[in-house]
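A structural walkthrough
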Amino acid sequence: MANKYEMFSVHVTEVEQATPLIKRFTLAREDGAPMPAFTGGSHVIVQMQGADGSQFSNAYSLMSDPRDTRSYQIGVRLEEQSKGGSAFMHQQVEVGTQLTISSPNNLFALDPSAGRHVLIAGGIGITPFLAQLHELEGGATDYELHYAFRAPEHGAFQAQLASGPHADNTHFYIDSLDRKLDLAALCASLADDAHLYVCGPKPLIDAVIATAAKAGIADQRVHWEQFAAAPVTGAAFTVVLAQSGIELQVEEGMTILQAIEKSKAAKVECLCREGVCGTCETAILEGEAEHFDQYLSDEEKASQQSMMLCVSRARSARLVLDL
Ligand code: FES
């Protein structure tokens, strides 16, 4: 598949420690030219290169005002399970550092058919909503933001939310103070034309999806986004690369992409390695995939026409790919 992202160079103009674990980075072009336009919910893929030649690539939501294209802002949480990218951003990126980023893409846009937007953020999952709040400001559609974090010091950007134009629409939930979000009550009280949006850790996303389903809320009214691919689980299986006839064993705990790269059996273009960008999309000729990406729609996943090699695995013992 053709890469629909354009990559370009930026430099870091500001770094702010927002919480003990979250930093906000401001990125701009060195020549001062405007950045590509984006809408709230968009992400960019940031490529990082260490002095020792190490390379990392992560997707981050844009959190700044979409109306201001002089710069972008991203929020980066230092992840304990970091593949290296978030640690690199925290430890090696400073004002003046050059990075390569992609043009923005939006897999988490506000649905214009919604009569009310109900936004649920967990921790660093607040970032796409900060951009969307700019779009909602003064608009005709009602909205409310529910923002949960584990302790007062971990609630990034809460001061700006508590005192700005969105204060009346924002509700805070703090685990350590036993102030918890009652998802069942929230879903039960949802109007028929309201849409739910959730971004944050996987347990929160799973809980929102399950609670909404239990409350009879249609799938099309529930939107979610999570970066950082889930850990690879599941039994080993065989992949056949149809163009060369090469057979590979994909071991437990390994992705198809890793198996292909290890064997050097084919070259696969891959930008994010998190199931977000779509560059590693590959046609399935035989067998069934177990999809873990966020790029394909539910219909596309069900059709079993293609899959993302960086995160998805096989449901069958054997997969034949058009590679
Ligand atoms: S590399 Fe981005 S979806 Fe696989």
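All of the points below concern the structure found in this document.

Moving on to the overall build of the protein chain. Summing up its helical and strand segments, the protein chain has seven helices and 19 strands in all. In summary, the protein chain has a C-alpha radius of gyration of 20 Å against a globular reference of 20 Å for 323 residues, a match within 12%. Summarising its shape, the C-alpha atoms of the protein chain cover approximately 60 × 50 × 35 Å along the three principal directions. A burial count over the protein chain gives 51% of its 323 residues as buried. Counted over contacts in the protein chain with a minimum sequence separation of 6, partners at least 24 positions apart contribute 67%. In the form shown here, the protein chain has an accessible surface area of approximately 15000 Å², with 48% of it arising from carbon and sulfur atoms. Here the protein chain carries 23 positive and 41 negative side-chain charges, and the mean point of each set is 4 Å from the other.

Let us look at the layout of surface pockets. A water-sized probe, rolled over the atoms, reveals where empty space remains. Of the pockets and cavities examined, the second largest pocket occupies roughly 1000 Å³. Around the second largest pocket, the lining is made up of 33 residues, and of these W224, Q294, L296, D298 and K301 lie nearest the centre. Looking at the lining of the second largest pocket, the elements that each hand over two or more residues are helix 5 (202–214), strand 12 (222–225) and helix 7 (298–303). With six residues, the top contributor of residues to the lining of the second largest pocket is helix 5.

Our next topic: the sheet that holds strand 11 (residues 194–199). Taken in spatial order, the five strands of this open sheet run 10-9-8-11-12, and their pairing is parallel. A single partner strand is all that each edge strand has here, and the edge strands are strand 10 (170–174) and strand 12. Sheet twist, expressed as the mean angle between neighbouring strand axes with direction ignored, is 15 degrees. In this sheet, strand 10 lies alongside strand 9 (residues 142–149) in parallel orientation, the contact comprising five bridges. Bridge pairing in strand 10 places L145 opposite T170. Sheet strands touched by helix 2 (residues 127–136): strand 8 (116–122), strand 9 and strand 11. Its angle to strand 8, the strand with the most contacts, is close to 155 degrees. Sheet strands touched by helix 5: strand 8, strand 11 and strand 12. Its angle to strand 11, the strand with the most contacts, is close to 160 degrees.

Time to look at a negative patch on the surface. Residues D219, D298, E299 and E300 make up a contiguous surface patch of negative charge. Within the element layout of this structure, E300 appears in helix 7.

Moving on, we get to unusual backbone geometry. Although it is not a glycine, K264 sits at a positive phi angle of roughly 55 degrees. Along the chain, K264 falls in the loop between helix 6 (256–263) and strand 15 (281–286). Of the residues examined, K264 reaches a relative accessible area of 72% and is grouped as exposed. In this structure, R273 takes a positive phi of about 60 degrees despite not being glycine. Positionally, R273 belongs in the loop between helix 6 and strand 15.

Taking burial as the measure, the eight residues of helix 1 (residues 85–92) include six buried ones, the bulk of the element. Residues of helix 1 that are buried: G85, S86, A87, F88, M89 and H90. Buried residues along helix 1 sit in contact with strand 1 (7–17), strand 2 (22–28), strand 3 (42–49), strand 4 (55–61), strand 5 (72–77) and strand 6 (98–102).

Parameters at a glance
- Residues numbered from 1 in each chain as written.
- Predicted model: local features only at pLDDT ≥ 70, side-chain atom pairs only at ≥ 80, totals over all residues.
- Heavy atoms only, no water.
- Helix = DSSP H or I, 4+ residues; strand = E, 2+ residues; numbered from the N terminus.
- Rg over C-alpha atoms; globule rule 2.2 N^0.38 Å.
- Buried < 20%, exposed > 50% of the residue type's maximum accessible area, 1.4 Å probe, protein only.
- Contact = heavy atoms within 4.5 Å.
- Areas by Shrake-Rupley, 256 points an atom, 1.4 Å probe, with all protein chains shown as cover.
- Lys, Arg positive; Asp, Glu negative; His and termini not counted.
- Charge placed at Lys NZ, Arg CZ, Asp CG, Glu CD.
- 1 Å grid on protein atoms, 1.4 Å probe; cavity = no way out; pocket = protein on both sides within 12 Å on 5 of 7 lines; lining within 4 Å.
- Points joined across faces, edges and corners; volume = space filled by probe spheres on them.
- Pairing = 2+ DSSP bridges.
- Axes fitted to C-alpha atoms, helices over the stretch in contact; angles between N-to-C directions.
- Patch = residues over 30% accessible without salt bridge, like charges linked within 9 Å, V, L, I, M, F, W, Y side chains within 5 Å.
- Salt bridge = Lys/Arg side-chain N within 4 Å of Asp/Glu carboxyl O.

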